Amino acid sequence: IRIKGDYRYEIGELASTLNYMAQEIVRSNQIKDDFISSISHELRTPLTSIKGWSETLISGGYDPEETKLGMSIISKESDRLIGLVEEILDFSKLHQNEMKLSIGAVGAKELLQEIILNLWAKAEKKSIRLVLEAEEGIYVRGDANRLKQVFLNLTDNAVKFSPEGSSILLSARRADETEAEMVVQDSGIGISPDHLNRVKDRFFQVDSLNGGTGLGLAISQQLVELHGGTMEIESELGKGTRVTVYLQLTEPIPAPETAGPESLPG
Ligand code: ADP
């Protein structure tokens, strides 16, 4: 083959691009391998406990109190497994662009109230106060279930990483004409800048030390972005964490008018 002109520069560029791509593939495969091994570990822990307790109970000879304890551990660990599998499925759906949203108008205050109701008991165990500061009549454009998932995850983290007796603020206000600003703020242990960078990694961070998948924040962020919104995390070690979510404002969907007999034709 005769090559006209001097293509050495282009070929050099191409070679370095291919080289870069190869390095990226190796890097992402490494992340995947780490992820799979960490997830397997996360799945194995509850499974081991379920297996252990079921064998113990099958062998019999336990009084009703011990039997009940065993059963409740099996049930709790099964819930944990279901939660983990759901997170993995959500994460993979998001990455394959297969997450479908069922968009409507979601009341911001009502949403945060629901989150507080859901986490009330858990917060109460640590004497943590969940405080709501929400403007009336704010509606955001979104999938109610998915937005609930986002704010449950953020608030659950806030409860997990906050000290006894502290307060967590959940707020909603109009940021401007088009956007609502919703915040979950705690005064907990905070996240170090280095860890925060890893947490913010578009892919995922896996922190097996914490006994979680590290998928929660990644899923939340991607769900918010899928809604056309943004999510920002600010955190200071020992001071606390503030997660701000911006979502598009929308009009409430009017309740369907109840059709009286007079409105029926004929
Ligand atoms: P996990 O299921 O592991 O908690 P997340 O993605 O929800 O996954 O959180 C990732 C990590 O970020 C946590 O393990 C924790 O180290 C840190 N983190 C998240 N939220 C907070 C918070 N409010 N305060 C302190 N650390 C947090």
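The structure we're discussing is the one just above.
Presented here is a report on the structure given in the accompanying data block. Computed from a predicted structure; not experimentally measured.

Considering the pairing of strand β3 (residues 139-142)
On β3, burial follows the alternation: Val-140 and Gly-142 on one face are buried, whereas Tyr-139 and Arg-141 on the facing-out side are not. Bridge analysis of strand β1 (residues 104-107) against β3 gives four bridges, and the strand direction is antiparallel. Note on β3: the bridge partner recorded for Gly-107 is Tyr-139.

Quick word on helix α6 (residues 216-226)
Within α6, nine of the 11 residues are buried, which leaves it mostly tucked inside the rest of the structure. Listed in full, the buried residues belonging to α6 are Gly-216, Leu-217, Ala-218, Ile-219, Ser-220, Gln-221, Gln-222, Leu-223 and Val-224. Just downstream of α6 lies Gly-228, where phi reads positive at about 80 degrees.

Here we look at the nonpolar core
Leu-130, Phe-151, Leu-154, Ile-168, Met-182 and Met-231 are the most contacted members of the largest nonpolar core, which totals 44 residues. In terms of residue count, helix α3 (residues 108-125) provides more of this core than any other element does, seven residues in total. Leaving out residues up to four positions away in the same chain, Met-231 has contacts with Leu-154, Leu-217, Ser-220, Gln-221, Val-224, Val-243, Thr-244 and Val-245.

Side note on the side chain of Thr-244
If you trace the backbone, Thr-244 turns up in strand β7 (residues 240-248). Not counting residues up to four positions away in its chain, the partners in contact with Thr-244 are Glu-181, Met-182, Val-183, Thr-230, Met-231, Glu-232 and Glu-234.

Considerations on helix α2 (residues 64-95)
Its 32 residues give α2 an end-to-end C-alpha distance of 47 Å, which sits within 8% of 46 Å, the value for a rise of 1.5 Å per residue. For α2, the complete set of buried residues consists of Gly-70, Ile-74, Glu-77, Leu-81, Leu-84, Asp-90, Phe-91 and Leu-94. Where the residues of α2 are buried, they touch α1 (8-59), α4 (144-160) and α6. With a side-chain oxygen positioned 3.1 Å from the backbone nitrogen of Glu-65, the residue opening α2 is Asp-63. A positive phi of about 60 degrees marks Asn-97, the residue just after α2.

Rules used throughout
Every chain is numbered independently, its residues counted from 1 as its sequence is written. Side-chain atom pairs in this predicted model are given and counted only at pLDDT of 80 or more, local residue features only at pLDDT of at least 70, and totals for whole chains, interfaces and linings cover all residues. Hydrogens and water are ignored here; the side-chain numbers use all heavy atoms of the structure. Burial classes follow relative accessibility: with a 1.4 Å probe on protein chains only, a residue under 20% of its type's maximum area counts as buried, one over 50% as exposed, and anything between as partly exposed. Helix and strand definitions here come from DSSP, where helices need a minimum of 4 consecutive H or I residues and strands a minimum of 2 consecutive E residues; each element is numbered from the N-terminal end. Should DSSP find at least two bridges between two strands, the strands are regarded as paired. Here, nonpolar core refers to any group of buried Ala, Val, Leu, Ile, Met, Phe, Trp, Tyr and Cys residues whose side-chain atoms link them within 4.5 Å. By the convention used here, residues are in contact when the closest approach between their heavy atoms is within 4.5 Å. One less than the number of residues in a helix, times 1.5 Å, gives the span that helix is expected to have. The definition of a polar contact used here is a pair of N or O atoms within 3.5 Å, where within protein one atom must be able to donate a hydrogen and the other to accept one, and adjacent residues in sequence count solely through side-chain atom pairs.

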